[in-house]
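Architecture at a glance
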Amino acid sequence: MNHIKSLVAQDGKLLHNDQEVQQEIVGLYKKLLGDAAEQMPVINPTIVKNGAILTREQQLKLIERITIEEISRKGLRQGDPLYPYLFVLAMDYLSRLLRTLKNQPDFNYHPRCERFQIIQLGFADDLPLFCRGDEVSIHMLYNCFMEFSKVSCLTANKSKSSIYFGGVNPIVQQNVMDELGFSKGELPIRIQLIKSVLLSIKIYRSQIFVLPKKKILKAKQYMIDAGVNLDEILDKNHININYIYKKLKQDHQKMPWRKLVCNNGGMPKLIFILYVAILGKLATRDRLVRWGIANELLCPMCNVEEESMENLFFKCTYTAAIWEKLLQWMNVNRQPMEWSQEIELTCNNV
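Now for a description of the structure that goes with this document. (Residues numbered from 1 in each chain as written. Predicted model: local features only at pLDDT ≥ 70, side-chain atom pairs only at ≥ 80, totals over all residues. Heavy atoms only, no water.)

Overview of the overall build of the protein chain
A tally of regular secondary structure across the protein chain gives 18 helices and four strands. Every one of the 350 residues in the protein chain was classed for burial, and the buried ones make up 20%. Counting contacts in the protein chain only where the partners sit at least 6 residues apart, residues at least 24 apart contribute 36% of the total. Total accessible area on the protein chain is roughly 27900 Å²; 56% of this is exposed by carbon and sulfur atoms. (Helix = DSSP H or I, 4+ residues; strand = E, 2+ residues; numbered from the N terminus. Buried < 20%, exposed > 50% of the residue type's maximum accessible area, 1.4 Å probe, protein only. Contact = heavy atoms within 4.5 Å. Areas by Shrake-Rupley, 256 points an atom, 1.4 Å probe, with all protein chains shown as cover.)

Here's what the structure looks like:
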């Protein structure tokens, strides 16, 4: 306080007395911190356990003591490296909390989101929440968010938040707005942001699956061979991509393993590896040697047999032991079979 000779109070009064300056500063910080609550809301441990859990080592790393030197040197301001972690922790709890709605029989997903069970999309400064436009589902979603607000002290700014309806009865719309206190918004909302995200996904995929130059140059010939009338397409204002795709795809025999790949709920990269493995196109050492890329043939895990796809997944002593443990864990009383037999058995049980 020795360095503050005077201070203008919030009411405009000029303060010169050290005691008054001190009271004004303390009062300001008390307002920023807020009033003490009689009973602080606590995080629901059941919601926290509904997802990935940190290991003990990660927990101890997270609660390491922060020294005074670190605080005085860095502090915690907007843009601090710690902020993304705090954001992710808060959004992860919200996601786990919202996932509990799927167990509620009265809650209905948005028709366009039900297949993937999407309720929210978390952006840095926006939080779109989705559900079907019936009053019960909207109130259940709102109450779930309010539970999150009590725990995190993060509230929705009603002057900056809106409800967006699509195909909802006007009477229901008015009832929802009156009860929740939000205004009605008009689409499009953040369409440019969503388009940029979708475009980035396309660009990312195009970087992974690079089209060969020869095929691009021969695209016209491919379309002619498939029976696509190019003159008819060029004369139209709109190109029917679905029509061109079906022409290029033509009629082929359906593969018996199509359901194993197309109806798989696993991670996309793992499904892609499965697809490549079924086609026998994995870059194992036996193929790399034939291409002149590698010189070593032996499997790096067992150092006994050549590394092939069959050896990599089943014949290697290391992977065979893993398969046996997995089968025991799943209460499947049999020994691992060959790759083709495993695929055939799996396809028959899909």
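A few points about helix α14 (residues 268-278)
For α14, the set of buried residues is Ile 271, Leu 274, Val 276, Ala 277 and Ile 278. Its buried side turned inward, α14 meets α13 (258-262), α16 (309-315) and α18 (339-349). At the C-terminal side of α14, Gly 280 shows a positive phi close to 75°.

Some details on the pattern of salt bridges
According to the stated counting rule, one finds two salt bridges in the structure shown. Of the charged contacts, one joins Asp 92 and Arg 96 as a salt bridge, the two residues approaching to 2.9 Å between their closest N and O atoms. On the criterion of helical spacing, the pair formed by Asp 92 and Arg 96 is a turn pair, its members being four residues apart in helix α5 (residues 83-99). Since its relative accessible area comes to 33%, Asp 92 is described here as partly exposed. Between Glu 342 and Arg 334 there is a salt bridge whose closest N-O contact spans 3.1 Å. Relative accessible area serves as the criterion here: at 8%, Glu 342 is assigned to the buried category. A residue is classified by how much of its surface remains accessible, and Arg 334, at 29% relative accessible area, is partly exposed. (Salt bridge = Lys/Arg side-chain N within 4 Å of Asp/Glu carboxyl O.)

Some words on the side chain of Arg 96
We classify Arg 96 as buried; its relative accessible area is 7%. At 2.9 Å, the side chain of Arg 96 forms a polar contact with the side chain of Asp 92. Residue contacts for Arg 96: discarding those within four places in its chain leaves Ile 47, Val 48, Lys 49, Asn 50, Gly 51, Ala 52 and Ile 53. (Polar contact = N/O pair within 3.5 Å; in protein donor to acceptor, adjacent residues only side chain to side chain.)

Re the packing of aromatic side chains
Applying the stated criterion across every chain yields a total of seven aromatic pairs. Ring geometry for Phe 314 versus Trp 323: centroids 5.2 Å apart, planes at 15°, classification stacked. We classify Phe 314 as buried; its relative accessible area is 7%. Grouping aromatic residues by their ring pairs yields a cluster made of Phe 313, Phe 314, Trp 323 and Trp 339. (Phe/Tyr/Trp six-rings, centres within 6.5 Å; stacked < 30°, edge-to-face > 60°.)

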